[in-house]
Amino acid sequence: MITVLFADDHEMVRIGVSAYLSAQPDIEVIAEADDGEAAIGMALEHRPDIILMDLVMERMDGIEATKQIITQWPEAKIIIVTSFLDDEKVYPALEAGATSYMLKTSKAEEIAKAIRSTHEGQSILEPEVTGKIMTKMRSPHVEDLHDQLTGREKEILLLMAEGKTNQEISEQLFIALKTVKVHVSNILGKLEVSDRTQAVIYAFKHNLVN
């Protein structure tokens, strides 16, 4: 029997979902919580196989509750069940330690299936959530690295891409050669490359050069 704790601040939602799940031969809802703080206490007391966690609740939201539960009980398996798909909810919830992420628009049988699959060790994500994660993964970390560059560093990177030497950059920008070298070193560090050539390749690859 898979034991379940259901945390949601809407009583009718808890009643409806709990009734359906309890009618399943292999699932038993053993506790219900109407806010994050209560969910933490019940999770640690009952140690259910699965925790269904709403995100938006009074006193403490589901993200913070998930984080605290995982901190105190790393083996907990938490399924987020929410209406929200925005990045401010999806990523923090998964980073907090949630195993699966479902929407309240899902059919009850899909929630039950997610419970069984999560209990078996799988991570079940709504297609929309998977799409968000895949998009983020397909965007290499390096695409954001140049955002760390200062205006002067970007200017020097463009001159590097034009083939200018440190001395030539120093003369063109009327700054000391030592200052140019410091800027170049900072550029290499921020772009996570080992030499000027790789920095220039980065600039062209990411369309920083006109």
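Data block above holds the structure.
Below is a summary of the structure that appears in this document. Keep in mind the model is a prediction, meaning the values are calculated, not measured. (Residues numbered from 1 in each chain as written. Predicted model: local features only at pLDDT ≥ 70, side-chain atom pairs only at ≥ 80, totals over all residues. Heavy atoms only, no water.)

What to know about the overall build of the chain
Rule in force here: In DSSP terms, a helix is any run of H or I states spanning at least four residues, a strand is any run of E spanning at least two, and both are numbered starting from the N terminus. Atoms counted for the radius of gyration: C-alpha only. Globule rule: 2.2 Å times the number of residues to the power 0.38. Each residue gets one of three labels from its accessible area relative to the maximum for its type: buried under 20%, exposed over 50%, partly exposed in between, using a 1.4 Å probe on protein chains only. Contacts were defined at the residue level, with two residues in contact if any of their heavy atoms lie within 4.5 Å. Here the accessible surface of atoms and residues is derived via Shrake-Rupley with a 1.4 Å probe, and residues count as covered only by protein chains that are part of the display.
Scanning the chain for helices and strands turns up 10 helices and 5 strands. Since a compact globule built from 210 residues should have a radius of gyration of about 17 Å, the 25 Å found for the chain marks it as more spread out than a globular shape. For the chain, buried positions account for 41% of its 210 residues. Here the contacts in the chain between residues at least 6 apart in sequence split such that 62% fall between residues at least 24 apart. For the chain, the accessible area works out to roughly 11300 Å², and carbon and sulfur atoms hold 53% of it.

Here's the deal with the packing of aromatic side chains
Both the distance between ring centres and the angle between the ring planes are used here to describe each pair of aromatic rings. Rule in force here: Stacked, edge-to-face and tilted labels apply to pairs of Phe, Tyr and Trp rings (six-membered ring for Trp) whose centres lie within 6.5 Å, assigned for plane angles under 30 degrees, over 60, and everything in between, in that order. A ring is scored as having a charge over it whenever the NZ atom of a lysine or the CZ atom of an arginine sits within 6 Å of its centre and within 35 degrees of its normal.
Using the criterion set out here, one finds 0 aromatic pairs in the structure. If you follow K89 out to its NZ or CZ, it ends over the ring of F84, 5.2 Å from the centre.

Digging into the pattern of salt bridges
Stated precisely, the cut-off is as follows: Any carboxyl oxygen of Asp or Glu within 4 Å of a side-chain nitrogen of Lys or Arg constitutes a salt bridge here.
Here the structure, examined in full by the defined rule, presents 8 salt bridges. For D8, the salt bridge goes to K104, with nearest N and O atoms at 2.9 Å. In this pair, D8 is assigned in the loop between strand 1 (2-7) and helix 1 (11-22) and K104 in the loop between strand 5 (100-103) and helix 5 (108-119), connecting sequence segments 96 residues apart. Taking the shortest distance from any N to any O, the salt bridge between E32 and R14 comes out at 3.3 Å. Of this pair, E32 sits in strand 2 (residues 27-33) while R14 sits in helix 1; the two residues are 18 residues apart in sequence, bridging distant segments of the chain. Judged by its relative accessible area of 35%, E32 is partly exposed. On the basis of relative accessible area, R14 is assigned to the buried category, the value being 12%.

Some thoughts on the environment of K164
Within the secondary structure layout, K164 lies in the loop between helix 7 (151-161) and helix 8 (166-173). Taking the C-alpha atoms as reference points, K164 and V200, separated by 36 residues in sequence, lie 11 Å from one another. Excluding residues that lie within four positions of it along the chain, K164 makes contacts with L159, I169, Q172 and R196.

Considerations on helix 4 (residues 87-96)
Among the residues making up helix 4, those that are buried are V90, Y91, A93 and A96. Taken from the residues just after helix 4, G97 is the one with a positive phi, measuring 125°.

These figures capture arrangement, not role.
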